[in-house]
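So the chains spell out like this:
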Amino acid sequence: MRVLAISGLAAGALGAGLAVAYATGVMQLVWSGYPPAVWPASGAYEIVEGAAPPVEKATPSGVLNPRGQELFNRSGSRALLAARSGETELAIYADGYGADTRFNSFSLVKSLVGVLVLKAQSDGKIKSLDDPLGTYLPDLGPDSLRRVTIRAFLEMKSGLDFEPDGSAKEDKLAAINPFGNLAKLHGGGLSAVEDRLEVVPESRGEFAYQNVNTAILGRLLSTLYGKPLREILSEEIWRPSGAADAFWLRHESGTEVTAYCCVFATPEDWIRVGGYLMRNGSPADPFLRPDLWQDFFGKAHGRRELAKGVYGLHVRHDILDRQGEVLQGPFTYMMGQGGQVVYMMPEKDLVVVRFGEEHALLHSTLYALWNSFPDATDQN
């Protein structure tokens, strides 16, 4: 097992007497601004093995138009990359960052856990997303939890009463109650909170963005495949996409990774991963069954629905429909705290990756980037 551990200042200050899983997780959250946005980072990590030999990194290239550069600067962007037809055509970095910088994914990784659940169905390990969780995890939590369908966890509609809905603040871990459920989950994993996984019947079917839904799906995947979640991600997505080694934060107790957060990788790694998902692997070796790929990319949603924004199967959907803009059509995107975004537009064979200090304008970023391509006016 390849494990990377780095001691943070907060953990060192505690001393051996407080080196228990929960206390360590809490103190890191309170005192170290944990987890940070850029590698290296305090904490303990599992290595997600990537392609070998190491892939070539994109060098800074391309020029943003004035509107694009304004958006980049105003939102505190650190990296903006775009690839068409599998080739990175634009790679812009802020001062102090570059092709080798590993950024924290924050909640981007939730979407990978979600699509891996569809992969499990594609592989025949799950019969239906409408099966109750207890069909596959008969010993996890109370009966009320086991009766919830897998689809409800994917859509963040499980009805769990576990943590505040993080929709507005994108589940910023450093801002949570250090003695609440999420801190306990962060320190000890699902095993530390099984007695708190209570479902409120009247809340089932209502959207509430909670990290614990993804943690449960991570446990489901590791059970179905009989291996750690980091190995599943490596074998099914990370390595086949051509991405390099990445570092995934694990709970302080044991070797289980934090399924809902914190893979440190380069923007180019995310370009490769987004392209791999967008093209459904390869024609010779599809990643998902065609119908499941269509589901993940929200093909059943109409224009009016997309215009309001849709949270799908652990991934988001929207549409570009601004009058007068050349770039038009639906897009699917993963999103993390601070505006980490991986945009995917299969119809354009376009993948865009953005990392920054705060959220950038979602649609305007795509419009400005597309209009920065030299042949933008020729694209329809």
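Model, not experiment: these values are computed from the prediction. (Residues numbered from 1 in each chain as written. Predicted model: local features only at pLDDT ≥ 70, side-chain atom pairs only at ≥ 80, totals over all residues. Heavy atoms only, no water.)

Asks: Just checking my understanding: could you explain the state of the cysteines for this structure?
Replies: Here a disulfide denotes a covalent bond joining the sulfur atom of one cysteine to the sulfur atom of another. Evaluated as defined, the whole model comprises one disulfide. The side chain of cysteine 261 participates in a disulfide bridge whose partner is cysteine 262; the two sulfur atoms lie 1.9 Å from each other. Residues cysteine 261 and cysteine 262 are joined by a disulfide whose S-S torsion is about 55°; by sign, that bridge is right-handed. Residue cysteine 261 is classed as buried on the basis of its relative accessible area of 2%. (Disulfide = S-S within 2.5 Å. Buried < 20%, exposed > 50% of the residue type's maximum accessible area, 1.4 Å probe, protein only.)

Asks: I'm lost on the environment of alanine 208 in this one. Help?
Replies: Mapped onto the fold, alanine 208 is located in the loop between helix 7 (181-188) and helix 8 (211-225). Measuring from C-alpha to C-alpha, the distance between alanine 208 and serine 158 comes to 8.1 Å, with 50 residues separating the pair along the chain. Beyond its immediate chain neighbours, meaning those up to four positions away, alanine 208 contacts Met156, Asp165 and Asn213. (Helix = DSSP H or I, 4+ residues; strand = E, 2+ residues; numbered from the N terminus. Contact = heavy atoms within 4.5 Å.)

Asks: Please clarify how helix 13 (residues 362-372) should be interpreted in this entry.
Replies: Because each turn of an α-helix spans 3.6 residues, side chains separated by three or four positions in sequence point in the same direction. Most of helix 13 sits inside the fold, with nine of its 11 residues counted as buried. Every buried residue of helix 13 is accounted for by Leu362, Ser364, Thr365, Leu366, Tyr367, Ala368, Leu369, Trp370 and Ser372.

Asks: Would you explain the packing of aromatic side chains in this entry?
Replies: Each aromatic ring pair is specified by the distance between its two centres and by the angle formed by the two planes. This model, assessed by the stated rule, comprises 16 aromatic pairs. With centroids separated by 4.4 Å and ring planes inclined at 20°, the aromatic side chains of tryptophan 39 and phenylalanine 247 adopt a geometry described as stacked. One end of the pair, tryptophan 39, is in the loop between helix 2 (21-31) and strand 2 (43-48); the other, phenylalanine 247, is in strand 6 (residues 246-249), with 208 residues separating them in the sequence. An identical accessibility class is assigned to tryptophan 39 and phenylalanine 247; each is buried. Taken together, a centroid distance of 5.7 Å and an interplanar angle of 75° make the contact between tyrosine 45 and phenylalanine 264 edge-to-face. Here the residue tyrosine 45 occupies a position in strand 2, and phenylalanine 264 occupies one in strand 7 (residues 263-265), the gap between them amounting to 219 residues. With relative accessibility at 0%, the residue phenylalanine 264 sits in the buried group. Three or more aromatic residues link up through ring pairs in this structure, and these residues are Trp39, Tyr45, Phe247 and Phe264. Positioned above the aromatic ring of tryptophan 370, the side-chain terminus of arginine 84 is 5.4 Å from the ring centre. When the ring centre of phenylalanine 373 is taken as reference, the NZ or CZ atom of arginine 84 above it lies at 3.9 Å. (Phe/Tyr/Trp six-rings, centres within 6.5 Å; stacked < 30°, edge-to-face > 60°. Lys NZ or Arg CZ within 6 Å of the ring centre and 35° of its normal.)

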